[in-house]
Each structure stands twice: as structure tokens, then as C-alpha cells.
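# What the coordinates show
Listed here are the chains, written in short residue letters.
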Amino acid sequence: MAQVLVNAEFEFPGAQVWELLRDFGNLSWIPGNENFQVNIEGDGPGMVRQIVMGDAPGVREELYERDDDERRITYGVTDNNPLPCTNYRATMIISDDGPKKAKLAWSSTFDPRDCSEAEAVAAVEGFYAMLLESIRATLGRM
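To keep things clear, this report deals only with the structure shown in the data block. If you're wondering where the values come from, they're calculated on a predicted model, not measured in any experiment.

Scoring rules and cut-offs
Residues numbered from 1 in each chain as written. Predicted model: local features only at pLDDT ≥ 70, side-chain atom pairs only at ≥ 80, totals over all residues. Heavy atoms only, no water. Helix = DSSP H or I, 4+ residues; strand = E, 2+ residues; numbered from the N terminus. Polar contact = N/O pair within 3.5 Å; in protein donor to acceptor, adjacent residues only side chain to side chain. Contact = heavy atoms within 4.5 Å. Pairing = 2+ DSSP bridges. Axes fitted to C-alpha atoms, helices over the stretch in contact; angles between N-to-C directions.

With that settled, the discussion passes to the side chain of Arg71. Among the structural elements, Arg71 can be located in the loop between β4 (59–67) and β5 (72–79). Here the side chain of Arg71 touches Asp96 through a polar contact of 3.1 Å, side chain to side chain. Setting aside its immediate chain neighbours within four residues, Arg71 contacts Gly14, Ala15, Trp18, Met92, Ile93, Ile94, Ser95 and Asp96.

Now the structure itself:
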């Protein structure tokens, strides 16, 4: 099983970062969101979001845990992962790093699919890098 851990710093309060990321059904911060639809089933842990773009099968993700006190969210991709991996499970933890600074630890485990472990890790790390920049940009507009 492969693993990725990315630590990111933000020039925003932890509470603000958490407010954006804790809403599993809100993907307005993801680049290209105007080109896909998000369908939600349920609420809270156990809820599923399906990200549909055109006629392609939708990516299905399930929320496993959300802890507001610890600012932790754990989710997995259950169907149609666009990344080269299966059994993908990720955790995001937001912590304060001063009055107007936050840290995000984003970790995941997965099995590479149709590629080497190094290629799968590089794909996940690249995906996280793109999403982290989008999170920063969205926070800057709030």
C-alpha cells in the first residue's frame, strides 16, 4: 500500500480553513467546478458525493469521519477514481499555527493501479498541489 503525506501552511486562521473544507458536499473551491455537477446522498459520516462531468461515470467519494473538535475529515473514493489508484482513503487535519496561520496535514493510503507505486504517488502529490493552490485562492476571496 502506497502512502502520501503533504503538509501545507496557510496565511489564514485555522477556523477559516476548516470552515471551507469541513463541508463535504461543497466543492466550489475545486478548479473547473463550473464544468461538473456534485450529487449528494445523505448527510454527515456515511454521506456520498458523486462528481459528474459530462457523460463520464461519476467519481464517488464517501465521508467516513468528520470531527469538528479535531478539525479532521476522513473520506475515500469508492468508484471511478480518476487517479491511478484503488482503495484510496485520505485524512485532512487542520491545526492552528498562530493567530492567523494554519497547517493542513493531508495524508492518504492507496494501491497503485496500472502503474508503479512511484507514478501513483507522483500523481496524488500533483493532484494535492493543484488543490492546495485552489484552496489558497478560494480563502483569499472569502
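Okay, back to it.
The next thing to look at is the sheet that holds β5. With antiparallel pairing, 7 strands are arranged side by side in an open sheet as β1-β7-β6-β5-β4-β3-β2. Either end of the sheet is taken by a strand with one partner, and the two such strands are β1 (2–10) and β2 (37–41). With direction set aside, neighbouring strand axes in the sheet form an average angle of 20°. Where β4 lies against β5, 7 bridges are found, and the strand directions are antiparallel. Opposite Glu62, over in β5, you have Gly76 as the bridge partner. Strands β1, β4, β5, β6 (85–96) and β7 (102–112) of the sheet are contacted by helix α1 (residues 14–21), whose axis makes an angle of about 150° with β6. The sheet contacts of helix α2 (residues 117–141) involve β1, β6 and β7, and relative to β1 the element is tilted by about 20°.

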